[in-house]
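One-letter residues, chain by chain:
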Amino acid sequence: MIDGVATDPSSNSSPSSDVKPRRARRTRMTGAERREQLLEIGRTLFAAKGFEGTSVEEIAAKAGVSKPVVYEHFGGKEGLYAVVVDREMRRLLDMVTSSLTAGHPRELLEQAAFALLDYIEEYTDGFRILVRDSPIPQSTGSFASLISDIATQVEDILGREFKNRGFDPKLAPLYAQALVGMVALTGQWWLDVRRPKKAEVAAHLVNLSWHGLDGMEAKPRLIGHRKS
């Protein structure tokens, strides 16, 4: 045994004979693993550079594969982007809808606000992708359609509350869009500034929403000169 290398005693080779080291085998990814890798790389690049600023070449290079591998899994950059957007939309929608568990309407508002802010904090790259204007008309959705989906969840809650207070429940969809839109736009602003703290942002959002609803007129009127 010389320097950890086994030798054949019957061999005439001298100890100084060249011994080629074995190459370490690279673990080959399964198709599912490669797909997930490409999705994660694409997600990071789309968040940082946007759709137009990201190329198939860059995605492939970061994954250590050739361009045809990306095309094989997604048909191109558009297909990869569409899957990334669809996943993020489902994740955010699930977080918001699963958070609405309270019985009191004010606490429901708190839960909805926290769910969106939690998503922004935990999945920042995903939110950056969602709030960009989608360059693909045939993609699975947009941020506006996602907000509309979330508002639909809130709509039923508001409708019941309106009915109990003697307001027209048919107007619940309008107010649901307004409330969810307010939280979403505030979330876009908070994405970059991150101040004040999340709980304080949620408290202020609920303060405006709840006290606005609490003092709401059954038949709102305009006080300016324009009436139509």
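Residues numbered from 1 in each chain as written. Predicted model: local features only at pLDDT ≥ 70, side-chain atom pairs only at ≥ 80, totals over all residues. Heavy atoms only, no water.

The protein chain appears in an unreviewed UniProt entry as AcrR family transcriptional regulator from Streptomyces achromogenes.

Glancing now at the UniProt feature "DNA-binding region" (unreviewed entry) in the protein chain. When the UniProt feature table is mapped to this numbering, "DNA-binding region" (unreviewed entry) covers residues 55-74. With 80% helix and 0% strand, residues 55-74 has end C-alpha atoms that lie 14 Å from one another. (UniProt positions renumbered as here; feature names shortened; annotations may be inferred. Helix = DSSP H or I, 4+ residues; strand = E, 2+ residues; numbered from the N terminus.)

This part is about the pattern of salt bridges. Taken as a whole and assessed by the stated rule, the structure comprises 11 salt bridges. Linking Arg91 and Glu88 is a salt bridge whose minimum nitrogen-to-oxygen distance equals 2.9 Å. Taken as a pair, Arg91 and Glu88 lie in helix H4 (residues 77-99) at a separation of 3 residues, close to a single helical turn. Given the relative accessible area of 30%, Arg91 is considered partly exposed. Exposure remark for Glu88: the relative accessible area of 2% places this residue in the buried category. Measuring nitrogen to oxygen at the nearest pair gives 3.7 Å for the salt bridge that ties Arg165 to Asp214. In this pair, Arg165 sits in helix H7 (residues 143-165) while Asp214 sits in helix H9 (residues 198-214), placing the two residues 49 residues apart along the sequence. A cluster of three or more residues bridged by salt bridges with shared partners is formed by Arg43, Glu88 and Arg91. (Salt bridge = Lys/Arg side-chain N within 4 Å of Asp/Glu carboxyl O. Buried < 20%, exposed > 50% of the residue type's maximum accessible area, 1.4 Å probe, protein only.)

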